[in-house]
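Listed below, chain by chain, are the residues.
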Amino acid sequence: MPAPLLGKSLEELTEWVQAQGQPSYRGKQLYQWIYQQGARSLQDITVFSKAWRQAMAHIDLGRSALHHRVVASDGTIKYLLRLADGQIIETVGIPSAKRLTVCVSSQVGCPMACDFCATGKGGFMRNLATHEIVDQVLTVQEDFGQRVSHIVFMGMGEPLLNAANTVAAIRCLNRDVGIGQRAITLSTVGVPGRIRALAAEQLQVTLAVSLHASNQAQRLRLIPSAGAYPLEVLLDECREYVQLTGRRVTFEYILLAGLNDQPTNAAELAQHLRGFQSHVNLIPYNPIDEADYQRPSEVSIRTFVAELEKRKIAVTVRYSRGLGENAACGQLRASRR
Ligand code: SAH
């Protein structure tokens, strides 16, 4: 099977049409139909002759099929998309006043097995190809009939375990779909050496690191992979990222009642982040069936925020969208397979 055309640049598509004996201007047409006109197959591209489209019937553009779609009361739309080999992934479109954010998956399942995460409980199948990442953004853009403004790699999977395809997808989304690199956030739980390698790619994306604990022992209880990556080493690599890219890092911190949400945890976290060009994003735990953690009360959340602010740490609280409709991340897929 030849590689799907989605994910290729204008130059690559032009070379491809030429190799098929077509004039080079056909490359530009193909490019526009794939990235702007929403072509799902070569058969859709009516500026090409019928005879040629038939001759090229074996060529796949690389688009997914819609398996299931749920519209939440707040306008968030969750999609289950079926890939060419039948695997199912989750993608979310999140509209707000001036934005349309897409939450994309980078793997089918995830091998990191974080204890609070529905995807982690379901095991790992495979990495996504570049076109399978780009397709998610085009699918949401077409369904909303509105340009996507922001992308977060916060769906299924650990993007830095699929770094080559993730970086290639980011470059394509920026160059061919027209999304600013600064409007793209890559969220990682951390893979030794990979944050440094990402910095070397010289992208202007925002790095978000899933810290979730204020010390190594606590982190290890939640995140098995942390055993091979001590908190201090992870933080050092994040400091290098800031130095190499000039971009501040976001630290994500899930609040789990009675576990990591105490004022002492806030103080310990602030100690680690003192003088660090960063920002803390608190995520009140989103309950999943497979674990029995609790979401903290509003009062504990406010107290945690105040403890950080008092120590001059920049902090925001992120409330998950689309709750209620099988909603926590990864749960829609678990319930609909
Ligand atoms: N593998 C990447 C992307 C994962 S999903 C990473 O670990 O960062 C994006 C964020 O959602 C991560 O911070 C992840 O820890 C968080 N998350 C996973 N399960 C959650 C839950 N049940 N409640 C709240 N946040 C959750």
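Quick caveat, the model's predicted, so the values are computed rather than measured.

Cut-offs used in this document
Residues numbered from 1 in each chain as written. Predicted model: local features only at pLDDT ≥ 70, side-chain atom pairs only at ≥ 80, totals over all residues. Heavy atoms only, no water. Axes fitted to C-alpha atoms, helices over the stretch in contact; angles between N-to-C directions. Helix = DSSP H or I, 4+ residues; strand = E, 2+ residues; numbered from the N terminus. Left-handed = near helix turned anticlockwise from the far one by under 90°. Contact = heavy atoms within 4.5 Å. Nonpolar A, V, L, I, M, F, W, Y, C, P; charged D, E, K, R; others polar. Buried < 20%, exposed > 50% of the residue type's maximum accessible area, 1.4 Å probe, protein only. Salt bridge = Lys/Arg side-chain N within 4 Å of Asp/Glu carboxyl O. Near = heavy atom within 4 Å. Polar contact = N/O pair within 3.5 Å; in protein donor to acceptor, adjacent residues only side chain to side chain. Areas by Shrake-Rupley, 256 points an atom, 1.4 Å probe, with all protein chains shown as cover. pLDDT = per-residue confidence, 0-100. UniProt positions renumbered as here; feature names shortened; annotations may be inferred. Phe/Tyr/Trp six-rings, centres within 6.5 Å; stacked < 30°, edge-to-face > 60°. Pairing = 2+ DSSP bridges.

**Quick word on the packing of helix α10 (residues 263–273) against helix α11 (residues 298–310)**
Between α10 and α11, the shortest axis-to-axis distance is 9 Å and the interhelical angle comes to 30°. Seen along the crossing, α10 lies across α11 with a hand that is right-handed. Along the contact surface, α10 presents Pro263, Asn265, Ala266, Leu269 and Ala270, while α11 presents Thr303, Phe304, Glu307 and Leu308. Each residue belonging to the contact of α10 with α11 can be placed in one class, and the counts come to 6 nonpolar, 2 polar and 1 charged.

**What about the side chain of Thr250?**
By the element assignment, Thr250 lies in strand β10 (residues 249–255). Residue Thr250 is classed as buried on the basis of its relative accessible area of 14%. Sequence-distant contacts of Thr250, that is, excluding residues within four places in its chain, are made with Thr206, Leu207, Ala208, Val209, His279 and Asn281.

**Thoughts on the pattern of salt bridges**
Close approach of charged atoms lets side chains of opposite charge pair. All chains considered together, the criterion is met by 14 salt bridges. Here Arg171 makes a salt bridge to Glu201, at a shortest N to O gap of 2.9 Å. Note that Arg171 is positioned in helix α6 (residues 163–175) and Glu201 in the loop between α7 (194–200) and β9 (206–210), a separation of 30 residues in sequence. Of the charged contacts in the structure, one is a salt bridge between Arg239 and Asp236, with a shortest N-O distance of 2.9 Å. Taken together, the positions of Arg239 and Asp236, both in helix α9 (residues 231–245) and 3 residues apart, correspond to about one turn of that helix.

**Some words on the site of the ligand**
The environment of the ligand is made up of 18 residues, and the closest members are Phe116, Ser187, Ser210, His212 and Asn286. Interatomic distance of 2.6 Å between a side-chain N/O atom of His212 and an oxygen atom of the ligand. Burial of the ligand by the protein amounts to 94% of the accessible area it has alone, namely 530 Å². Listing elements by their share of the shell around the ligand, those giving two or more residues are β8 (184–188) and β10.

**Points about the confidence of the model for the chain**
With 96% of its residues at a pLDDT of 70 or more, the chain has an overall mean of 94. Across the interface, the model reports ipTM at 0.99; the global pTM reads 0.96.

**A look at the UniProt feature "binding site: [4Fe-4S] cluster" (unreviewed entry) in the chain**
In the numbering used here, UniProt assigns the feature "binding site: [4Fe-4S] cluster" (unreviewed entry) to Cys110, Cys114 and Cys117. Note on placement: Cys110 falls in the loop between β5 (107–109) and α4 (118–121). Counting through the fold element by element, Cys117 comes out in the loop between β5 and α4.

**Quick notes on the packing of aromatic side chains**
The geometry of an aromatic ring pair comes down to the distance between the two centres and the angle between the two planes. All chains considered together, the criterion is met by 6 aromatic pairs. Judged by centre distance (5.2 Å) and plane angle (35°), the ring pair of Tyr253 and Phe304 falls under tilted. Of this pair, Tyr253 sits in strand β10 while Phe304 sits in helix α11; the two residues are 51 residues apart in sequence, bridging distant segments of the chain. A single burial state applies to Tyr253 and to Phe304, both of which are buried. Put simply, the rings of Trp16, Phe48 and Trp52 touch in pairs and so form one group of aromatic residues.

**Comments concerning the sheet that holds strand β7 (residues 150–153)**
Taken in spatial order, the 10 strands make up an open sheet running β1-β2-β3-β4-β7-β8-β9-β10-β11-β12, and their pairing is mixed. Of all the strands in the sheet, just β1 (65–71) and β12 (315–317) have a single pairing partner and so form its edges. Strand-to-strand twist across the sheet, computed as the mean angle between neighbouring axes with direction ignored, equals 20°. Pairing analysis gives 4 bridges linking β8 to β9, with the strands arranged parallel. Opposite Leu186, over in β9, you have Leu207 as the bridge partner.

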